[in-house]
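Residue strings, one per chain:
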Amino acid sequence: MSISFLWGISAFWIVYGVLGILGFQRIPEKYKYKSWTPDYIRMCGIADLLLGGGWIILSFVLRAVSLPLLQEMGLVLLFALPAVGYALYADRKTKVWRRQANEEWRRKKQEK
């Protein structure tokens, strides 16, 4: 795996995560303008930041140590686990909110 590619993808997720924490992130239209929208955007931003941060650390590890491709891919998955764990936590926390928004969205589409 190319270190420069890993740095680029890490930089993207870090910037997108920071934008999410600041409240500027793209979310589905049906989740906008709700009382919980800022919390949802912030949680998505934190998950993105964890992903980018883990991969930037991994890029420094891979720069220092040369490993076979299969082991590198395993490390990519391992370093993504904190982000996946947090995303699962955020998904559980916002599940009821998103379900209500989906129901409202469907009702609104049926009325039109």
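Coordinates for the structure precede this section.
Residues numbered from 1 in each chain as written. Predicted model: local features only at pLDDT ≥ 70, side-chain atom pairs only at ≥ 80, totals over all residues. Heavy atoms only, no water.

## A short note on the packing of aromatic side chains
And then number 1: For the structure shown, the criterion picks out 9 aromatic pairs.
And then number 2: On the basis of an interplanar angle of 90° and a centroid distance of 5.8 Å, the ring pair of Trp 36 and Tyr 40 is categorised as edge-to-face. Tyr 40 carries the same exposure label as Trp 36, and that label is buried.
And then number 3: Among the aromatic residues, those joined into a ring-pair cluster are Tyr 31, Trp 36, Tyr 40 and Trp 97. (Phe/Tyr/Trp six-rings, centres within 6.5 Å; stacked < 30°, edge-to-face > 60°. Buried < 20%, exposed > 50% of the residue type's maximum accessible area, 1.4 Å probe, protein only.)

## Digging into the packing of helix H2 (residues 37–64) against helix H3 (residues 69–111)
And then number 1: Direction vectors running N to C along H2 and H3 enclose 175°, while the axes themselves pass 9 Å from each other. Our classification of the angle between H2 and H3 gives roughly antiparallel.
And then number 2: For the contact of H2 with H3, a count of residues per class yields 20 nonpolar, 2 polar and 4 charged. (Axes fitted to C-alpha atoms, helices over the stretch in contact; angles between N-to-C directions. Helix = DSSP H or I, 4+ residues; strand = E, 2+ residues; numbered from the N terminus. Parallel < 35°, antiparallel > 145°, perpendicular 65-115°, else oblique. Nonpolar A, V, L, I, M, F, W, Y, C, P; charged D, E, K, R; others polar.)

## Here's the deal with the nonpolar core
And then number 1: Ranked by size, the top nonpolar core spans 8 residues in total: Leu 6, Leu 51, Trp 55, Leu 58, Leu 62, Val 76, Ala 80 and Ala 83.
And then number 2: At the level of secondary structure, the elements contributing two or more residues to this core comprise H2 and H3.
And then number 3: The greatest single-element share of this core, amounting to 4 residues, is contributed by H2.
And then number 4: In this structure, Ala 80 is in contact with Leu 51 and Trp 55, ignoring residues within four places of it in sequence.
And then number 5: In this structure, Ile 27, Tyr 31, Trp 36 and Tyr 40 belong to the second largest nonpolar core, which totals 6 residues. (Core = buried A, V, L, I, M, F, W, Y, C linked by side-chain atoms within 4.5 Å. Contact = heavy atoms within 4.5 Å.)

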